[in-house]
Amino acid sequence: MNIPPEILRRIERLREEINYHNYLYYVFDQPTISDADYDALMHELKGLEARYPEAITPDSPTQRIGAPPSEKFASVPHSVPMLSLDDAFSQDEVFDFDRRAKRLLQTDGEIEYMVEPKMDGLAVELIYEKGRLVLGSTRGDGYTGEDVTANLRTIRSIPLRLMERYLPPPARLEVRGEVFINRDAFEQLNRKRVEKGAPAFANPRNAAAGSLRQLDPNVTASRPLNMFCYGIGVVEGYSFKTQWDVLTGLKKWGLNINPMIKKVRGIHGAIRYHQAIASKREGLNYEIDGIVIKVNDLQHQERLGSKARSPRWALAYKFEAVQVITRILDIQLSVGRTGAVTPVAIMEPVKVGGVLVSRATLHNEDEILRKDIRIGDWVMIRRAGDVIPEVVRPLSERRTGKERVFVMPETCPVCGSKLVRRPGEAVWRCPNPECFPRLVRQLTHFASKGAMDIEGFGPKLAEQLISAGLVRDVADLYSMELSDLFSLDRFAEKSAKNLISAIEASKETTLARFLYALGPRHVGEVTAQVLADRFGSIQALAEADEEGLRAVEGIGPEVASSIRSWFSNSQNSRLVRRLINAGIRFTDLKETKKLPLEGKSLVFTGGLSSLTREQAKDLVRGLGGQIVSTVGRKTDYVIVGKNPGSKLQKAINLGIPTLSEEEFLELIHHKLG
Ligand code: IVH
C-alpha cells in the first residue's frame, strides 16, 4: 500500500514532537505539556501506525516495548575496553593521583578536572549509528558484554533516535553510562512487590541489575530504570576537546547526563566538590558512592593513558564505607500507626557511617525468611541511602548452631489481639485501634509538624495521656481540659496551659495537613496536597469514588483504594465528624498554586545557543511567565543572547536585570528546584 505523503509527514512530525517532549521530561526535567497531551500524541501516532504498518520504524517511540523474550544474551565485544576506576578513600590518595598526573604531563600548573557524582548502578554502552540506537550492552568483563538492546530500549530516558535540533548527530557514537533506579521509584517498586508477595529487592543497585538482565523485555519495561551518560567510546564524525564538551554534546543529542557535573581548577576544587556532594548525598533521589575526578582535556587524557584495568586520568574518590558487621541480640516486634507489626533487629551497637546503630527494621516475616536471618547471627548491616539502617545478610559461616529461628507470633505482643494478614500483603497487623503503641504513634503522627503541628507534643506525652485514660483517639485531644492535665504526674500548670493552647491553635489548619494527619495508608504530605487541591473539601473527598480518585493526576490505584476504604469505615467518618465539630477549620480552601514565574514578564534579545526561541518561550510559559517583545519599565528580566539588539541598551538604561542564556537556564532550574 502506498502511504499518502501527508500521512508520512504527520507521522514523522508526531515522532519528533514525542521525542522532544521525552527530552524535556527526562533530560531537561522540565515538561511543557501535560501527561494527557503527551498521551494524546502517542495515541495518534499509534493509530496511524496501526493503519499504515509499513510506516513503522524501529526507532519510533511506539516501539520501545514488544520485543519477544530471548533465550540467552549474545556476547558483544567493546571496541574500546570499558575500564574500571582506581579507588581513593583519603585526601592523601587524591593528592598522589594529582601529583602523578602533573608529573606525567610535565606541568606545575593546576590541572582542570571534571568532577561528577559516582553513580551506584551498572555500566552499559549504547551504540548509535546515523543517530539511531542500534546496540546496547552491559559492561561484562570490560572487554565483552551482553547484548541487552531490547531491554535498554524500554528505558524512557534513553533516546531511540538522537536529537538533531541542536547538533547534527555523528555517523557513529558509542556512549557509556550508568543504569540505575531512582530511590523513590525503588521504594514504590518494592512496596508493590511486597504487596504481591514477591521478595523485596535489597537495594536500588540490585534491582537495576536484576531488571536489566531479564530475558523478557516486558519485565524490564515494568521496572523504573533510568540512565546517566558519563563518557564515550569510538565516535566517528565528530570530535570533542574536553570531557565537558563530551557531556554537553551528549546532552544536546538528547542523552541524559547528571546535572551536578562540574568543572574545577586544581585538585583542591575536586576535594571541595567531594565534601559538597557528601553533604548533599542524603537528599539525592539516587544512590551514589563517591565522586569521579577526570582530567578534563582529552589530549591530556590520551597522554596519561591507561593501566591494565583503569585509566591514569580518572579516579573514584569514594565516600567512607557504610557497611559494618555486628550481631543480632534479639528480634522484637514493633506496632506501627496502622497496626502493622514489624520485626525489628536489636543489635550490638555499632557505628555505621558515623552514626551509632542498634536497631534495624527487618520489614516482615517473609523478608526474614528470605534473608535467613536468625537471632544470634553475625550480620552485615548498612545504612541504606545513609538514613535507615538495614541488615544486608547474615554471615552464615560464623554460625555456631546456637542461633534461633524467628517465629512470628499469632497474637499482638502488646494487646494480645489475634493478628491479621490481608490477602496480597506481607505484613501482619494488629486490628485493635486502641492498641497502646499503635495509638501512641497515631497521636504523635497526628500532632507532628507536617500534620496538625501541635507544639511540644511527642511520644512521651502521648503515652502519658493514653495511660491516664484521657485520650483514646485523636479527637479526644480536643475535649481535654486544663483540670484533666493537672491530675497528671509532673504536669506543671504552665506546661498544661501551653499544651491546651497549642491544641487550640492547631484547630486552624489546612485541608492538606488535616488529611495527612488522619493518616490513611499511602497518603503522604504530597499526596494529601494533591487531594486537597483537587477536592477542595473533606466532604467532597469522602464522597469521591475510586474512579474519581484515580482520575486525579498523581493518584494511583493503591492510594485511591486506600482512601476509599478509609472513608467508608464508619469509625473513621465518625472521627472526622467529631474533629470538625471540635472546631477544626481550613484556611486553604481557595488557595490555588502559584507558578514560579507567574506575573513575570521577560524579553529576549539576540540568538540563543542551547535551545531555540520557541523552546525558551515554551519553558517560560510553562512556568507561568510572559514573553513580551519590547523592553519597558514593567519588564522583569531581559535575556541576552548572541549579538543582542537595541533592547539590551534599553534594559541597561532602565536598570532592568539582564541574564545571559546560562543564567536564564539557571534561573529556571532554580525556580523548578
Ligand atoms: S567513568 C574509564 N564516570 O564506576 C572510566 N564511571 O569503577 C570509566 N561509574 O564501571 C568510568 N559513575 O560503572 C565513570 N560518573 C562516572 C561514573 C562511573 C559510576 C561506574 C561505572 C564504572 C565504574 C568504575
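Residues numbered from 1 in each chain as written. Predicted model: local features only at pLDDT ≥ 70, side-chain atom pairs only at ≥ 80, totals over all residues. Heavy atoms only, no water.

Some details on the site of the ligand
So, step 1. Close to the ligand lie 14 residues; Glu-116, Met-119, Glu-178, Tyr-230 and Lys-294 are nearest.
So, step 2. Between the ligand and the protein, one listed contact pairs an oxygen atom with a backbone N or O atom of Leu-85 at 3.3 Å.
So, step 3. Met-119 has a polar backbone atom sitting 3.0 Å from a nitrogen atom of the ligand.
So, step 4. Taking 520 Å² as the accessible area of the ligand by itself, protein coverage stands at 87%.
So, step 5. Elements with a minimum of two residues in the shell around the ligand: β3 (112-119) and β10 (288-295).
So, step 6. Across the shell around the ligand, the residue classes tally to eight nonpolar, one polar and five charged. (Near = heavy atom within 4 Å. Polar contact = N/O pair within 3.5 Å; in protein donor to acceptor, adjacent residues only side chain to side chain. Areas by Shrake-Rupley, 256 points an atom, 1.4 Å probe, with all protein chains shown as cover. Helix = DSSP H or I, 4+ residues; strand = E, 2+ residues; numbered from the N terminus. Nonpolar A, V, L, I, M, F, W, Y, C, P; charged D, E, K, R; others polar.)

Digging into helix α16 (residues 511-518)
Because an α-helix packs 3.6 residues into every turn, residues spaced three or four apart end up facing the same way.
So, step 1. Within α16, seven of the eight residues are buried, leaving the element largely enclosed by the surrounding structure.
So, step 2. When we look at burial in α16, the residues that qualify are Leu-511, Ala-512, Phe-514, Leu-515, Tyr-516, Ala-517 and Leu-518.
So, step 3. Following α16 by one or two positions, Gly-519 has its phi on the positive side, about 75°. (Buried < 20%, exposed > 50% of the residue type's maximum accessible area, 1.4 Å probe, protein only.)

A look at the pairing of strand β7 (residues 172-181)
So, step 1. With 10 of 10 residues buried, β7 lies mostly within the body of the structure.
So, step 2. Strand direction decides the pairing type here: strand β4 (residues 122-129) and β7, joined by eight bridges, are antiparallel. Along β7, the bridge assignment pairs Leu-126 with Val-175.
So, step 3. Direction of pairing for β7 relative to strand β8 (residues 225-236): antiparallel, over a ladder of nine bridges. Residue pairing for β8: Gly-177 is matched across the bridge by Cys-229. (Pairing = 2+ DSSP bridges.)

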